[in-house]
Amino acid sequence: MHPGKQAAALAALEYVANDALLGVGTGSTVNVFIDTLAARGPRIQGAVASSEATAERLKSHGIDVLDLNMTGSLELYIDGADEVNPALQLIKGGGGALTREKIIAAASREFLCIVDRSKQVEVLGDFPLPVEVIPMARSFVAREIVRMGADPEYREGPRTDNGNIIIDCYGFSITDPLALEAALNAIPGVVTNGLFAARAADILLVGLDDGKVETIKR
């Protein structure tokens, strides 16, 4: 297991209160967090999951999976990232769960992001930016992305948990994440994109190879 992921996941437990209602994201670092929470963390009321895979992992540990429509606003959302810049703006969606992740992040008072050092960048965009698209709009959205200066690539494989497709955008140098997030979301047929700039992380825990953790707050 990557020591940085383990360190960040363990440090995240300090932010989880007893009987909390959590939002829980998707990905390898979050999986470590879920396993660590079940083994060593406080007992929580339950969690809202950002993907079917996360829901199954939570259930396997006996953690109740809740519906966001029933819980209302959440105190804390914990998730990883594919890239994070110094302003704690993120690229997410490598695992395809970006839309539900963005919904839960927006519905949570605090967003705690857990990563290892490899995810920190000065400028977002080396990691291809995922865009969730309604299937009938795939070609149209791809043409619009080309016009914006990127190279779109249809992601093969299963559809998202929402029944949509993913287009990965290569070649964006994202110096203004807020503007690009808004511009992509304005294309008809786009459900959302993987830029978390309008709702950036509030706290970033960076797990280091030596087991230490760096804490950065926005």
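Our subject is the structure listed above.
Residues numbered from 1 in each chain as written. Predicted model: local features only at pLDDT ≥ 70, side-chain atom pairs only at ≥ 80, totals over all residues. Heavy atoms only, no water.

Attention shifts here to helix 7 (residues 177–185). For helix 7, the full list of buried residues reads Pro177, Leu180, Glu181 and Leu184. Buried residues along helix 7 cover an arc of 100 degrees about the axis, so they all sit on one side. If you follow the buried residues of helix 7, they end up packed against helix 5 (98–106), strand 7 (129–133), helix 6 (138–147), strand 10 (190–193) and strand 11 (195–196). (Buried < 20%, exposed > 50% of the residue type's maximum accessible area, 1.4 Å probe, protein only. Helix = DSSP H or I, 4+ residues; strand = E, 2+ residues; numbered from the N terminus. Arc of directions from axis to C-beta. Contact = heavy atoms within 4.5 Å.)

Helix 2 (residues 28–40) packs onto helix 1 (residues 3–12) with a crossing angle of 50 degrees between their chain directions and a minimal axis gap of 8 Å. With respect to their mutual orientation, helix 1 and helix 2 come out oblique. Our pair here, helix 1 against helix 2, has a crossing hand that is right-handed. In this structure, helix 1 uses Lys5, Gln6, Ala9, Leu10 and Ala12 to contact helix 2, whose residues at the interface are Ser28, Thr29, Val32, Phe33, Thr36 and Arg40. Partitioning the contact of helix 1 with helix 2 into residue classes produces 5 nonpolar, 4 polar and 2 charged. (Axes fitted to C-alpha atoms, helices over the stretch in contact; angles between N-to-C directions. Parallel < 35°, antiparallel > 145°, perpendicular 65-115°, else oblique. Left-handed = near helix turned anticlockwise from the far one by under 90°. Nonpolar A, V, L, I, M, F, W, Y, C, P; charged D, E, K, R; others polar.)

A contiguous nonpolar patch, built from Ile134, Met136 and Val191 and spanning about 320 Å² of accessible area, is present on the exposed surface. The topology assignment puts Ile134 in the loop between strand 7 and helix 6. Judged by relative accessible area, Ile134 falls into the partly exposed class, the value being 40%. (Patch = residues over 30% accessible without salt bridge, like charges linked within 9 Å, V, L, I, M, F, W, Y side chains within 5 Å. Areas by Shrake-Rupley, 256 points an atom, 1.4 Å probe, with all protein chains shown as cover. Salt bridge = Lys/Arg side-chain N within 4 Å of Asp/Glu carboxyl O.)

Here we come to the sheet that holds strand 9 (residues 165–170). Strand order in the open sheet formed by 4 strands is 8-9-7-10, with antiparallel pairing between adjacent strands. The open sheet terminates on both sides in strands that have one partner only, identified here as strand 8 (151–154) and strand 10. Pairs of neighbouring strands in the sheet enclose a mean axial angle of 30 degrees, with direction left out of account. Sheet analysis places strand 8 next to strand 9, joined by 4 bridges and oriented antiparallel. Residue Glu153 lies in a different strand from strand 9, and its bridge partner there is Asp168. Helix 6 rests against strand 7, strand 8, strand 9 and strand 10 of the sheet, and its axis sits at about 15 degrees to strand 9. Strands strand 7 and strand 10 of the sheet are contacted by helix 7, whose axis makes an angle of about 165 degrees with strand 10. (Pairing = 2+ DSSP bridges.)

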